[in-house]
Amino acid sequence: MLNKLEVLAPAGDEERFYAAVRYGADAVYLGRENFGMRASPKNFSFEALVKAVDYAHSLGKKVYLTCNILPRNNEIALFEQFVKEAVEANIDALIVADIGLLALIKKYAPDMEIHISTQTGVVNYVTAQELYDMGAKRVVLARELSLDEIAEIRAKTSPELDIECFVHGAMCVSFSGRCLLSQYLVNRDANHGECAQPCRWGYHLMEEKRPGEYFPIFEDEKGTYILNSKDMCMIDHIDKLAEAGVYSLKIEGRAKSAYYVTVVTNAYRMAVDEYYKDPDNFKLPDSIRDEVFKVSHRKYCNGFFFGTPEESQYYENSGYIRNYDVVAVVEKCEDGTVYCSQRNRFFAGDTVEILAPSQSPVTMKLEHLYDENGEEIETANHAMMNISFKSDLVFPKGAVIRKDLSIS
């Protein structure tokens, strides 16, 4: 019997959380205002956390809370209250990187499920098993492992230990994200969720006796992005991940947009469902693969899954590839009319795609647009304005309407 694969999606705030749940995540990982590795998103207040967990549980889905920073002495005293509120919110697991915090979780909440963060840098079966013996239910393996190494860890650890791996999203040039470069250059601690991403900056060479005179490291007037890595994408290899013993497929992106969470979660949901149709002959349809190219992303690679990546760095620039814009979100469908709220400007006559959960996008030309009073308009150009258009098709609330930017 095949093991069930978990699609694990990120949520940096409530909008992204509901997008992840709506578009097929089995579980969502998120953070509070402290103890998490993403300081820039809004994250979750206690009240918002309770609401999110209740909603997820009503649908049979899970919520994992991050406490995966490397804490300093002055933060330890705050941790008991953090764990207490996690228990009160009824979260399904805490994600932890620090062994001291692991011990405190066992003390403050003995029944809490514990997941070991990728920040811990687990790369062998001895460490994975020892962490299981210490009370961990799951290890999020270091991103620097190959599929063969993951399979060996799976084979030589307790079958009760879950294996989780990052399968999509930004990669870090530093081992498992433990980086000092940001703190050294701009005093923003990457190990407390404040990374300034200096690995994405362009660098030149300067000789000490020639101040202000910059030399490109390669023969390129733009300099070179010597530390910049591509994004990871393993959507074509769901079968190989399953065969290696990976249980949870983790999508990176708590700092990404709700649109990103929507599209990528939906793509991996459909890819996993496609895998289960015929596991021995899995071949991803182009329509599903194409989805991960319709979000803002860097060039893709397979990370370390197939060995040491020789082409995972991208030296030309650190920019994102962005070909689509969200123009509206569906609010409801009634009597042959789609009612929606605007996100970015678009026009009558535009061709758009409408993306609903677990479905390939529907392409449609919007011959006519109407404002909230039913008056025909040429342009939807005001943020969050209510608009409508005619359609025989019915879409669920929250369906995303997007436009291909390459089409004028």
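Because the structure is a prediction, the values reported are computed rather than measured. (Residues numbered from 1 in each chain as written. Predicted model: local features only at pLDDT ≥ 70, side-chain atom pairs only at ≥ 80, totals over all residues. Heavy atoms only, no water.)

Caption draft 1: Looking closely at the overall build of the protein chain. A count of helical and extended segments in the protein chain gives 11 helices and 22 strands. Burial statistics for the protein chain: of 408 residues in total, 52% are counted as buried. The long-range fraction of contacts in the protein chain, counting pairs at least 24 apart against all pairs at least 6 apart in sequence, stands at 67%. With an accessible surface of roughly 19,400 Å², the protein chain has 49% of that area assigned to carbon and sulfur atoms. (Helix = DSSP H or I, 4+ residues; strand = E, 2+ residues; numbered from the N terminus. Buried < 20%, exposed > 50% of the residue type's maximum accessible area, 1.4 Å probe, protein only. Contact = heavy atoms within 4.5 Å. Areas by Shrake-Rupley, 256 points an atom, 1.4 Å probe, with all protein chains shown as cover.)

Caption draft 2: Structural context of the pairing of strand 1 (residues 6-11). Here strand 1 lies mainly inside the structure; 6 of its 6 residues are buried. Residues Glu 6, Leu 8 and Pro 10 of strand 1 are buried on one face, and the alternating residues Val 7, Ala 9 and Ala 11, pointing to the opposite face, are buried as well. Two strands pair when backbone bridges link them, and strand 1 and strand 11 (residues 248-251) are joined in this way by 3 bridges, in the parallel orientation. Across the sheet, residue Glu 6 finds its bridge partner in strand 11, namely Ser 248. After leaving strand 1, the chain enters helix 1 (residues 14-22) and then returns to the sheet as strand 2 (residues 27-31), a path that is right-handed. (Pairing = 2+ DSSP bridges. Right-handed = clockwise from strand over helix to strand, strands pointing away.)

Caption draft 3: Highlighting the pairing of strand 13 (residues 324-334). As judged from the 5 bridges shared by strand 13 and strand 22 (residues 400-404), these two strands associate in the antiparallel manner. Counted as the bridge partner of Tyr 324 is Asp 404 from strand 22. As paired strands, strand 13 and strand 14 (residues 337-342) are joined by 6 bridges and run antiparallel to one another. Pairing of Ala 328 across the sheet is with Gln 342, part of strand 14. Between strand 13 and the antiparallel strand that follows it, strand 14, lie 2 residues; Asp 335 among them carries a positive phi value of about 50 degrees.

Caption draft 4: Broad picture of the packing of aromatic side chains. According to the stated counting rule, one finds 9 aromatic pairs in the structure shown. A ring pair is formed by Tyr 18 and Tyr 55, whose centres lie 5.2 Å apart and whose planes are at 65 degrees; its orientation type is edge-to-face. Linking Tyr 18 in helix 1 with Tyr 55 in helix 2 (residues 46-58), this pair joins segments that are 37 residues apart in sequence. Relative to Phe 82, the ring of Phe 79 lies with its centre 5.7 Å away and its plane at 15 degrees, an arrangement referred to as stacked. On the criterion of helical spacing, the pair formed by Phe 79 and Phe 82 is a turn pair, its members being 3 residues apart in helix 4 (residues 79-89). We note that Phe 79, like Phe 82, is buried. (Phe/Tyr/Trp six-rings, centres within 6.5 Å; stacked < 30°, edge-to-face > 60°.)

Caption draft 5: Here's a closer look at helix 5 (residues 99-108). Residues Leu 101, Leu 102, Leu 104 and Ile 105 constitute the buried set of helix 5. The arc enclosing the buried residues of helix 5, seen along the axis, measures out at 165 degrees, which places them on a common side. Residues of helix 5 that are buried in the fold lie against strand 3 (62-67), helix 3 (73-76), helix 4, strand 4 (93-96), strand 5 (114-116) and helix 6 (125-133). The distance from a side-chain oxygen at the start of helix 5 to the backbone nitrogen of Gly 100 is 3.0 Å, and the residue carrying that oxygen is Asp 98. (Arc of directions from axis to C-beta. Polar contact = N/O pair within 3.5 Å; in protein donor to acceptor, adjacent residues only side chain to side chain.)

Caption draft 6: Structural view of the nonpolar core. Counting residues in hydrophobic clusters, the biggest one holds 108 residues, and the most contacted among them are Phe 17, Leu 94 and Tyr 268. Tallying contributions element by element places helix 10 (residues 258-277) first for this core, with 11 residues. Each residue touching Phe 17, except ones within four places of it in the same chain, is listed here: Ala 11, Val 28, Leu 30, Phe 44, Ala 52, Tyr 55, Ala 56 and Val 63. Of all hydrophobic cores here, the second largest spans 8 residues; its members include Ala 27, Tyr 29, Ala 93 and Ile 95. (Core = buried A, V, L, I, M, F, W, Y, C linked by side-chain atoms within 4.5 Å.)

Caption draft 7: Region of the structure containing the pattern of salt bridges. With the rule as written, the count across this model stands at 25 salt bridges. Two residues, Glu 164 and Arg 138, come together in a salt bridge whose shortest N-O distance is 2.6 Å. Placement of Glu 164 in strand 7 (residues 162-170) and of Arg 138 in strand 6 (residues 138-140) is noted, with a sequence separation of 26 residues between them. Here the two residues Glu 164 and Arg 138 agree in accessibility, since each one is buried. We note a salt bridge from Arg 322 to Asp 325, for which the minimum N-O separation is 2.4 Å. (Salt bridge = Lys/Arg side-chain N within 4 Å of Asp/Glu carboxyl O.)

Caption draft 8: Spatial organisation of helix 7 (residues 147-155). For helix 7, every residue scored as buried is listed here: Leu 147, Ile 150, Ile 153 and Arg 154. The buried residues of helix 7 occupy one face: seen down the axis, they fall within an arc of 120 degrees. Those residues of helix 7 that are exposed and angled more than 90 degrees off the buried face are Asp 148 and Ala 155. Against helix 6, strand 7 and helix 9 (238-243) lie the buried residues of helix 7.

Caption draft 9: Structural detail: the sheet that holds strand 16 (residues 351-355). The strand order across the open sheet built from 8 strands is 17-16-22-13-14-21-18-19, with neighbouring strands paired in antiparallel fashion. Each edge of the open sheet is held by one strand with a lone partner, namely strand 17 (362-365) and strand 19 (376-377). Note: strand 16 against strand 22, 3 bridges, orientation antiparallel. The residue bridging Leu 355 from the neighbouring strand is Val 400, located in strand 22. Contacts from helix 10 reach strand 13, strand 16 and strand 22, with the element oriented near 95 degrees to strand 22. (Axes fitted to C-alpha atoms, helices over the stretch in contact; angles between N-to-C directions.)

Caption draft 10: The packing of helix 1 against helix 10, seen in detail. Put simply, helix 1 and helix 10 touch, their axes get as near as 8 Å, and they point 15 degrees apart. In terms of orientation, helix 1 lies roughly parallel with respect to helix 10. With respect to the hand of their crossing, helix 1 and helix 10 are arranged in right-handed fashion. Facing Glu 15, Arg 16, Ala 19 and Ala 20 of helix 1, the residues of helix 10 in contact are Ala 258, Val 261, Thr 262 and Thr 265. (Parallel < 35°, antiparallel > 145°, perpendicular 65-115°, else oblique. Left-handed = near helix turned anticlockwise from the far one by under 90°.)

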